[in-house]
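Here are the chains, one letter per residue:
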Amino acid sequence: MMQWVGEEGLSQEFRDLVDFVYPSVGALLQQCYVKVIFSTWGNPPKRLQYIGVYSPGDALPTMQLQKSKLRRVAQIIGLQDVVCINATRIVRDPMSKLRTSDPRFWLELQWIISQSDSGLN
C-alpha cells in the first residue's frame, strides 16, 4: 500500500537521502532550511515540485557547488529540481512581505541566519 508523503515528510526524506548518499553534503545541508516548493507550468498546467534549499548568504556558494548532487537525490524521490536561495537576502530585504505573510517561515530563516552568524554550525 502506497502512502502519501506531505511537504515536511518529503523534505525530511530528501535530507535523509542526502545524508545517506552524500554525507559531506548532508552536513552542509544541516545549516540550511529545506522546503518543498510547488509550481505550475505549461498549458494545460502541470504541477511541479522542487526542493528549495534556503542557505545563509555565506554558505550559498558552497551549496551551489553541490547542486548537481542535490539534483540527483531530488530526482530519485520524484522532484523536478533543486533551487538554492539566499535566506539572508530574503530576511533582510526591506520590501519583503514574508514577515507578515508567513511569520513562521520568516522565523525559521532568521534562525538559520543567526546560527551562521554566530558560528554555531
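Residues numbered from 1 in each chain as written. Predicted model: local features only at pLDDT ≥ 70, side-chain atom pairs only at ≥ 80, totals over all residues. Heavy atoms only, no water.

A. Layout of the overall build of the protein. When helices and strands are counted, the protein shows 7 helices and 3 strands. Counting helices and strands in the order they occur from the N terminus, the protein gives α-α-β-β-α-α-β-α-α-α. Relative to the globule expectation of 14 Å for 121 residues, the C-alpha radius of gyration of the protein, 15 Å, shows essentially globular dimensions. Each principal axis of the C-alpha distribution contributes one length, and for the protein these read about 45 × 35 × 25 Å. Across the 121 residues that make up the protein, the buried fraction comes to 36%. (Helix = DSSP H or I, 4+ residues; strand = E, 2+ residues; numbered from the N terminus. Rg over C-alpha atoms; globule rule 2.2 N^0.38 Å. Buried < 20%, exposed > 50% of the residue type's maximum accessible area, 1.4 Å probe, protein only.)

B. Inspection of unusual backbone geometry at higher detail. Cis geometry is adopted by the peptide bond preceding P44, which originates at N43 and carries an omega value of 5 degrees. Structurally, P44 is set in the loop between β1 (33-41) and β2 (46-55).

C. Local environment of the sheet that holds strand β3 (residues 81-86). Spatially, the 3 strands line up as an open sheet ordered β1-β2-β3, and their pairing is mixed. Each of the sheet's edge strands pairs with one partner strand only, and the pair in question is β1 and β3. When the angles between neighbouring strand axes are averaged without regard to direction, this sheet yields 35 degrees. Across 6 bridges, the pairing between β2 and β3 is parallel. Bridge assignment links S55 to a residue of β3, and that residue is N86. Each of β1, β2 and β3 touches helix α1 (residues 7-21); the most contacted strand, β1, lies at about 120 degrees to it. Each of β2 and β3 touches helix α4 (residues 67-76); the most contacted strand, β3, lies at about 135 degrees to it. (Pairing = 2+ DSSP bridges. Axes fitted to C-alpha atoms, helices over the stretch in contact; angles between N-to-C directions. Contact = heavy atoms within 4.5 Å.)

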